[in-house]
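Residue-level structure breakdown
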Amino acid sequence: MGAFTVAKMPASTSKGEIPFQDLVAHHRPFQDELATAIARVVQSGQYINGPEGTAFEREAASTLGALHAVALSSGTDALLALLMALDIRRGDEVVTTPFSFFASAGAIARLGAVPVFADVDEQTLTLDDTRAADRVGPRTKAVLTVHLFGRVARTTMLEQVCAAAHVPIIEDAAQAVGACGDSSRWGRHVGTIGRAAALSFFPSKNLGALGDGGMVLTGDGALAERLRLLRAQGASPKYHHPLVGGNFRMDEIQAAALRVKLPRLFLWTERRRQLAARYRAQLAGVPVGLPPEDAGCVWNQFVLRVGAGRRDAMAKHLAAARIATAVYYPEPLHLQPCFAGLGHKAGQFPNAERACAEVLALPLYPELGDDAVDRVCDEVRAFFATAAATAVNPASW
Ligand SMILES: *Cc1c(COP(=O)(O)O)cnc(C)c1O
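Calculation rules
Residues numbered from 1 in each chain as written. Predicted model: local features only at pLDDT ≥ 70, side-chain atom pairs only at ≥ 80, totals over all residues. Heavy atoms only, no water. Pairing = 2+ DSSP bridges. Helix = DSSP H or I, 4+ residues; strand = E, 2+ residues; numbered from the N terminus. Axes fitted to C-alpha atoms, helices over the stretch in contact; angles between N-to-C directions. Contact = heavy atoms within 4.5 Å. Near = heavy atom within 4 Å. Polar contact = N/O pair within 3.5 Å; in protein donor to acceptor, adjacent residues only side chain to side chain. Areas by Shrake-Rupley, 256 points an atom, 1.4 Å probe, with all protein chains shown as cover. Nonpolar A, V, L, I, M, F, W, Y, C, P; charged D, E, K, R; others polar. Expected span 1.5 Å × (residues − 1). Buried < 20%, exposed > 50% of the residue type's maximum accessible area, 1.4 Å probe, protein only. Arc of directions from axis to C-beta.

Considering the sheet that holds strand β7 (residues 214-218)
- One open sheet holds the 7 strands; their spatial order is β1-β7-β6-β5-β4-β2-β3, and the pairing between them is mixed. Sheet topology places β1 (68-72) and β3 (114-117) at the edges, where each strand pairs with a single neighbour. The mean angle between the axes of side-by-side strands here comes to 25°, regardless of whether they run parallel or antiparallel.
- Sheet analysis places strand β2 (residues 93-96) next to β3, joined by 4 bridges and oriented parallel. Bridge pairing links Glu93 to Val114 in β3.
- Where helix α6 (residues 103-110) meets the sheet, it contacts β2, β3, β4 (140-146) and β5 (169-172), and its direction lies at approximately 140° from that of β3.

Quick look at the structure:
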């Protein structure tokens, strides 16, 4: 692994634009290896259900510390297939967070099940385990927690309540491949905390394919078998259908590309941790909310909180300095128009709603230079030196 390197951003970008990410620079050091892997698939004539997918599953399971890994077509399909494998259906309730990417709640709703929201913890912005435990009732069929921005959500209270109620906890680990719980780099890995975890290999995730891809990690062999049926129309043997499934397969080209990238994941994660530590050190004392320290976090995003209604002004200030930012997420899930039928009101989940108004993600990816982080931090500080910028420090992140 020592032979792998992280591409440096070209010198011209260190004074010019700082993009939100740079996937071309990310792939540059091993683009020949990717081309070779893709050519191998092209020449094999086998584009789905082939040896690359099987090998990627085996390598991912051992690298990520799971007993079983089932490769799938996307993170969204991984969540959907996992809920289907747990036999979640119309009218069932699944407790989840109101502050996530849409797919977390969308997968529940697509099965006719009801997302039952519980507010996030204001320190970590992940599902509050105590509040979620309070929402577990007679119709609850699962709790879907989300390891948002690369940080493992606490599940302490949930584990007791869910074990007593025989309700599985499942993890949306789309942003948290390789992350560890218990705020420790040596704690439980995602995929071993709950019954199963869904990963995404969308290109901007910490381990990205050259297109779409996803995976379920689980220690439950029977669940893994069900997922293998569901991803191929629920058939076993072919043309005999014990289950109604779909086409949730990963193709061979994506599996081959991911096999090239997987051994480099830990190097990239280390670099992400360094960059996050640098941001935190440089921004200490600046009136923004900083994400709490967490040795197990894999920092898919580095998200500031800018209070007092100044978030959009901060984003504009950084854009003028040619620094890209992003807002994950501007609207909470419980107030999305497609969930209007659930009857939620503004003010119901105040931590999630305040997060939506305050969060701002800064550039963070393995190729980003220390000098770029320093320039971003200088500009964040400069924003508060300008007139009228009198944001109060949010009480917490
Ligand atoms: C990216 C993401 C997904 C969906 O993954 P896709 O591969 O894009 O379908 C689901 N949940 C969360 C939290 C995500 O960030």
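Text resumes after the structure shown.
Things to note about the site of the ligand
- Around the ligand sit 15 residues, and of these Thr76, Asp172, Gln175, Ser200 and Lys205 come closest.
- Gln175 has a polar side-chain atom sitting 2.8 Å from an oxygen atom of the ligand.
- In the environment of the ligand, an oxygen atom lies 3.0 Å from a nitrogen or oxygen atom belonging to the side chain of Lys205.
- Considering the ligand on its own, with 380 Å² of exposed area, one finds that the protein chains cover 93% of that surface.
- If you list the elements that add at least two residues to the shell around the ligand, you get α5 (75-85) and α6.
- The residue makeup of the shell around the ligand, split by class, is 5 nonpolar, 8 polar and 2 charged.

Topic: helix α3 (residues 31-44)
- Helix length check: α3 (14 residues) gives 20 Å between terminal C-alpha atoms against 20 Å at 1.5 Å per residue, within 8%.
- Residues Leu34, Ala37 and Val41 constitute the buried set of α3. In an axial view of α3, the angular spread of the buried residues amounts to 65°, which keeps them on one side of the axis. Exposed positions of α3 whose direction lies more than 90 degrees from the buried face are Asp32, Thr36 and Gln43.
- Where α3 is buried, its residues meet α2 (23-27), α4 (51-64) and α10 (252-261).
- One or two steps after α3, the chain reaches Gly45, where phi turns positive at roughly 75°.

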